[in-house]
Amino acid sequence: MTEKKIMFKKRLGEKLGAGGEKEVFVNQENPEHAIGIFSEYSRKETPQQIKGRFYLTKILHLLFPKQIPDMHLASTDPHMIEVDRISVDRCVPGDTFTSKEPCELRDKIKDVSGVFIDYFSRNFVYDKEGNLIYLDSVDPFQGDKRYYDPEKIKVALEKLEDDKKERGLVFLKRLEELYKEELASVQNKENDKEKIVENK
């Protein structure tokens, strides 16, 4: 184990939960934050996707501050994220496929940003103030497919207060740059495959 990973593991406190994709722990150095570590068996992500998740989550937190926890770090080695820790009051009763509040939140986020959040019931909780929170992180893009709508996001950000709007537009610009980098990487791989076929 590298020194970097040893230092990282020292930050991990109480285990808060686990899913098919990652385990979540308290950050011992900052108990108001939680650290999610992706499983070694979870799908591999490019550096652009990991950074893109960071910026898209920052944007969604600006647009939905009470429903989407802020993200403070996204890293490739180790493959992890650091987010605001939520004081969970209760889970969502019933089926989140049909429960009114989760459905309304999914629809609102989709309408404002083009982002689709999943239906998995364990990703929805109520905090101590009664706010419905979506706990999972969101994918920004994969290959040439965006999972957000930049035009919708820009319109929504323009309605925010000046400082939040400026930060949000910077995040969006960086997100779009990462998407273009991802596209270029995909195209380069396709070109390499074509060269291999031609050489055969």
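Below you will find a few notes about this structure. (Residues numbered from 1 in each chain as written. Predicted model: local features only at pLDDT ≥ 70, side-chain atom pairs only at ≥ 80, totals over all residues. Heavy atoms only, no water.)

**Overview of the nonpolar core**
Formed by 27 residues in total, the largest nonpolar core has its most connected members in Leu56, Ile59, Ile109, Val115, Ile117 and Tyr148. In this structure, Ala34, Phe54, Met71 and Val83 belong to the second largest nonpolar core, which totals eight residues. (Core = buried A, V, L, I, M, F, W, Y, C linked by side-chain atoms within 4.5 Å. Buried < 20%, exposed > 50% of the residue type's maximum accessible area, 1.4 Å probe, protein only.)

**Description of a negative patch on the surface**
A cluster of acidic side chains, namely Glu101, Glu104, Asp107 and Asp111, defines a negative patch on the protein surface. Examined against the element boundaries, Asp107 turns out to sit in helix α3 (residues 100-113). (Patch = residues over 30% accessible without salt bridge, like charges linked within 9 Å, V, L, I, M, F, W, Y side chains within 5 Å. Areas by Shrake-Rupley, 256 points an atom, 1.4 Å probe, with all protein chains shown as cover. Salt bridge = Lys/Arg side-chain N within 4 Å of Asp/Glu carboxyl O. Lys, Arg positive; Asp, Glu negative; His and termini not counted. Charge placed at Lys NZ, Arg CZ, Asp CG, Glu CD. Helix = DSSP H or I, 4+ residues; strand = E, 2+ residues; numbered from the N terminus.)

**Description of the packing of α3 against helix α4 (residues 150-157)**
Packing of α3 against α4 brings their axes to within 6 Å, and their N-to-C directions diverge by 95°. Here α3 lies roughly perpendicular to α4, going by the angle between them. Only Lys152, Ile153 and Ala156 of α4 make contact with α3, whose side of the interface consists of Lys110, Asp111, Val112 and Ser113. Across the contact of α3 with α4, the residue classes break down as three nonpolar, one polar and three charged. (Axes fitted to C-alpha atoms, helices over the stretch in contact; angles between N-to-C directions. Parallel < 35°, antiparallel > 145°, perpendicular 65-115°, else oblique. Contact = heavy atoms within 4.5 Å. Nonpolar A, V, L, I, M, F, W, Y, C, P; charged D, E, K, R; others polar.)

**Quick look at the pairing of strand β2 (residues 22-27)**
Here strand β1 (residues 12-18) pairs with β2 via four bridges, running antiparallel. Following the sheet pairing, Ala18 is matched in β2 by Glu23. What sits between the antiparallel neighbours β1 and β2 is a turn of three residues. Sheet topology places β2 next to strand β3 (residues 33-38); five bridges connect them, and they run antiparallel. Counterpart to Val26 in the pairing with β3 is Ala34. Linking β2 to β3, which pair antiparallel, is a turn of five residues. (Pairing = 2+ DSSP bridges.)

**Let's talk about the packing of aromatic side chains**
According to the stated counting rule, one finds four aromatic pairs in the structure shown. Ring centres of Tyr55 and Phe171 lie 6.0 Å apart, and the angle between their planes is 45°; this geometry places the pair in the tilted category. With Tyr55 in helix α2 (residues 47-63) and Phe171 in helix α5 (residues 162-199), the pair connects residues that are 116 residues apart, well separated along the chain. Joined through ring pairs, the aromatic side chains of Phe54, Tyr55 and Phe171 make up one cluster. Over the face of the ring belonging to Tyr126 we find Arg90, whose NZ or CZ atom lies 4.0 Å from the ring centre. (Phe/Tyr/Trp six-rings, centres within 6.5 Å; stacked < 30°, edge-to-face > 60°. Lys NZ or Arg CZ within 6 Å of the ring centre and 35° of its normal.)

**Notes on the sheet that holds strand β7 (residues 124-127)**
Overall, antiparallel pairing links the three strands, which are arranged β6-β7-β8 in an open sheet. Looking at which strands have only one partner, the edges of the open sheet turn out to be β6 (88-91) and β8 (132-134). Mean inter-strand twist for the sheet, computed between neighbouring axes without regard to direction, equals 45°. Pairing between β7 and β8: three bridges, direction antiparallel. Along β8, the bridge assignment pairs Val125 with Ile133. α3 contacts β7 and β8 of the sheet and is inclined by roughly 105° relative to β7.

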